[in-house]
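# Results of the structural survey
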Amino acid sequence: MSAIKAIRGMNDILPEETKLWQYLETNIRSLVSRYGYQEIRTPVLERTQLFSRSIGEATDIVEKEMYCFLDRNDESLSLRPEGTAGVVRAGIERGLLYNQEQRLWYLDSLFRYEKPQKGRYRQFHQFGVEVFGLPGPDVDVEVILMTARLWKMLGISEYVELHINSLGSQQDRAIYREKLLEYFDKHKEELDDDSLRRLTTNPLRILDSKNPQMQSLIQQAPKLLDCISDESKAHFEKLCSLLTMADIPYTINTRLVRGLDYYNLTVFEWMTSELGSQGTICGGGRYDLLVSQLGGQTTPAVGFGMGMERVILMLQKMELQQQLSSPIDVYLITQGDKADSRKMLLSEEIRNRLPDLKLLMHAGGGNFKKQIKKADKSGASWAMIFAEDELDQQSVSIKPLRENLAQISVPLSELEQWYHENFQ
Ligand code: ATP
Ligand code: MG
């Protein structure tokens, strides 16, 4: 019988890689707690309508990237393609938003039917934060500072660059839309098929085109930043000055429009040149209209989503893997039947007494040589040898596997002392 394969674009993350994921996740958990953010978990499935109403009908995500299906009740459901809509839905439904401030974070699996390639998958993961009830720009800067701190913690600051822009208000964009339509209409013959379609549905999206042939046309298009109101401009200028004050370098990128419709005012992306065309590792912005658009009271909000896979790719490129600690400290092996039959109890006793020690007990029999080989292969720093003749003496032998040091005998009663000498 032929073996069943995984679905295209859906990755298995194997033990060799989960080490790196855990390293990233540990840093993220430490980051959010240092900023006082709280975790929220929402379902992986939502009504399709939630996404079409929030992300926008004429966006790539809703037009062609969603995993939609009818359930047994003929209701249209979708695997979430992004995190914000679900969090806003939950916030409204559970009464977290009205007249309140919330600083939330999540780490979710997301699903988009895209062409799989390096840094682009059909199931991927995002770490995201969403802040509600605060109009900014101070919190806009706070969430940007959080991301900047994370790059520092991970040692990748020098490989990433912050791009910011302002999308102005809804009114600003309506005025800009007309200007843009007029411009692209004049250059209709230079537009590719995708952009021609966007001309009637969502002309701002044309600015986001990755087609090299379109770039000079886009470059010369009118700029949204030149058309925004004084109020929007003041928000943006404050944002820029706060970033400068915090010593965060940024580039103003007037073409930055983001792939989702709900943003206004501040938008930002962190880009890297290390990952080819999948160069955006984190994107976010303000979405002051989304809560009311989804049926809640108007609530200012700002957030971002960070692509975990892309950050992992960067960490892999830096060959950080070698610096990560081994998942095993001690591999316990035995010599003789009597010792073998007691290894389980001894392992449990050691785990009781040394809760931070990572101990792997040898199983499956085999002679001493075979066991030592396995201990070495496990990556453990020490082999703990429990031998027949040590049963009465109540001691074990400890053999360093990575350093050229002598094997020592340690009385069981002194294990704590041995641990403190070698681990702290
Ligand atoms: P892109 O322009 O690369 O398609 P996007 O604008 O669709 O990105 P967002 O929806 O803003 O991306 O999601 C935020 C982040 O999530 C991206 O910056 C990226 O790091 C990551 N991301 C988005 N789509 C994928 C995917 N299919 N596979 C892996 N990571 C992804
Ligand atoms: Mg995309």
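Residues numbered from 1 in each chain as written. Chains lettered and ligands numbered in written order. Predicted model: local features only at pLDDT ≥ 70, side-chain atom pairs only at ≥ 80, totals over all residues. Heavy atoms only, no water.

### As for unusual backbone geometry
Cis geometry is adopted by the peptide bond preceding Pro-137, which originates at Gly-136 and carries an omega value of 0 degrees. In this structure, Pro-137 sits in the loop between strand E6 (123-132) and helix H5 (138-154). Even without a glycine there, the phi angle at Asp-247 is positive, about 65 degrees. Along the chain, Asp-247 falls in the loop between helix H9 (230-245) and strand E8 (251-252). The backbone of Leu-265 shows a phi angle near 45 degrees, a positive value even though the residue is not glycine. In this structure, Leu-265 sits in strand E9 (residues 264-272). (Helix = DSSP H or I, 4+ residues; strand = E, 2+ residues; numbered from the N terminus.)

### A few points about a nonpolar patch on the surface
Taken together, the side chains of Val-44, Leu-45 and Phe-69 make up a nonpolar region of the molecular surface, amounting to roughly 210 Å² of accessible area. You can see Leu-45 is positioned in strand E2 (residues 45-47). (Patch = residues over 30% accessible without salt bridge, like charges linked within 9 Å, V, L, I, M, F, W, Y side chains within 5 Å. Areas by Shrake-Rupley, 256 points an atom, 1.4 Å probe, with all protein chains shown as cover. Salt bridge = Lys/Arg side-chain N within 4 Å of Asp/Glu carboxyl O.)

### Remarks on the site of ligand 1
By nearness alone, 16 residues border ligand 1, and Arg-112, Glu-114, Arg-120, Tyr-121 and Arg-258 come closest of all. A distance of 2.9 Å is found between a nitrogen atom of ligand 1 and a backbone nitrogen or oxygen belonging to Tyr-121. Note that an oxygen atom of ligand 1 is positioned 3.5 Å from one of the backbone N or O atoms of Gly-307. Starting from 580 Å² of accessible surface for ligand 1 in isolation, the protein chains cover 92%. Listing elements by their share of the shell around ligand 1, those giving two or more residues are E6, strand E10 (280-286) and strand E11 (301-307). Counting residues per element, the shell around ligand 1 draws most heavily on E10, at three residues. In the shell around ligand 1, the residues fall into five nonpolar, five polar and six charged. (Near = heavy atom within 4 Å. Polar contact = N/O pair within 3.5 Å; in protein donor to acceptor, adjacent residues only side chain to side chain. Nonpolar A, V, L, I, M, F, W, Y, C, P; charged D, E, K, R; others polar.)

### Observations concerning the layout of surface pockets
When its volume is computed, the second largest pocket comes out at roughly 470 Å³. Looking at the second largest pocket, it is lined by 23 residues, and the ones nearest its centre are Arg-173, Asn-202, Asp-261, Tyr-262 and Tyr-263. At the level of elements, helix H2 (48-55) and helix H6 (170-186) are the ones that each hand at least two residues to the lining of the second largest pocket. Sort the elements by how many residues they give to the lining of the second largest pocket and H6 lands first, with four residues. Among the residues making up the lining of the second largest pocket, the classes are represented as nine nonpolar, eight polar and six charged. (1 Å grid on protein atoms, 1.4 Å probe; cavity = no way out; pocket = protein on both sides within 12 Å on 5 of 7 lines; lining within 4 Å. Points joined across faces, edges and corners; volume = space filled by probe spheres on them.)

### As for the environment of Glu-274
In this structure, Glu-274 sits in the loop between E9 and E10. A sequence separation of 40 residues divides Glu-274 from Ala-234, and the C-alpha atoms of the two residues are 34 Å apart. Here Glu-274 is in contact with Tyr-159, Met-314 and Lys-317, once residues within four sequence places are set aside. (Contact = heavy atoms within 4.5 Å.)

### Points about the pattern of salt bridges
In total, this model carries 23 salt bridges according to the counting rule given. Of the charged contacts, one joins Arg-41 and Glu-39 as a salt bridge, the two residues approaching to 2.9 Å between their closest N and O atoms. Arg-351 serves as the salt-bridge partner of Glu-348, at 2.8 Å between the closest nitrogen and oxygen. Separated by three residues within a single helix, Glu-348 and Arg-351 lie in helix H12 (residues 337-353), roughly one turn from each other. Glu-348 gets classed as partly exposed once you look at its relative accessible area, which sits at 39%. (Buried < 20%, exposed > 50% of the residue type's maximum accessible area, 1.4 Å probe, protein only.)

### Some thoughts on the side chain of Ser-397
Its location among the elements puts Ser-397 in strand E15 (residues 395-400). A residue is classified by how much of its surface remains accessible, and Ser-397, at 11% relative accessible area, is buried. Here the side chain of Ser-397 touches Glu-390 through a polar contact of 2.9 Å, side chain to side chain. In this structure, Ser-397 is in contact with Ala-383, Met-384, Ile-385, Glu-390, Gln-407, Ile-408 and Ser-409, ignoring residues within four places of it in sequence.

### Focus: the domain arrangement of the protein chain
Taken domain by domain, the protein chain consists of domain 1 (15-169 + 228-321) and domain 2 (330-418). Using C-alpha coordinates to define each centre, domain 1 is positioned 47 Å away from domain 2. (Domains from an automatic or database assignment.)

### Here we look at the packing of aromatic side chains
What the rule picks out here adds up to 13 aromatic pairs. Ring geometry for Trp-105 and Phe-127: centres 6.3 Å apart, planes at 70 degrees, overall edge-to-face. Highlighted residues: Trp-105 in strand E5 (residues 102-111) and Phe-127 in strand E6, separated in sequence by 22 residues. Comparing Trp-105 with Phe-127 shows no difference in burial state: the two are buried. One aromatic cluster is present, formed by Trp-105, Phe-127, Phe-268 and Phe-304 through successive ring pairs. One cation-aromatic arrangement involves Arg-122 over Tyr-113; the distance from NZ or CZ to the ring centre is 3.8 Å. (Phe/Tyr/Trp six-rings, centres within 6.5 Å; stacked < 30°, edge-to-face > 60°. Lys NZ or Arg CZ within 6 Å of the ring centre and 35° of its normal.)

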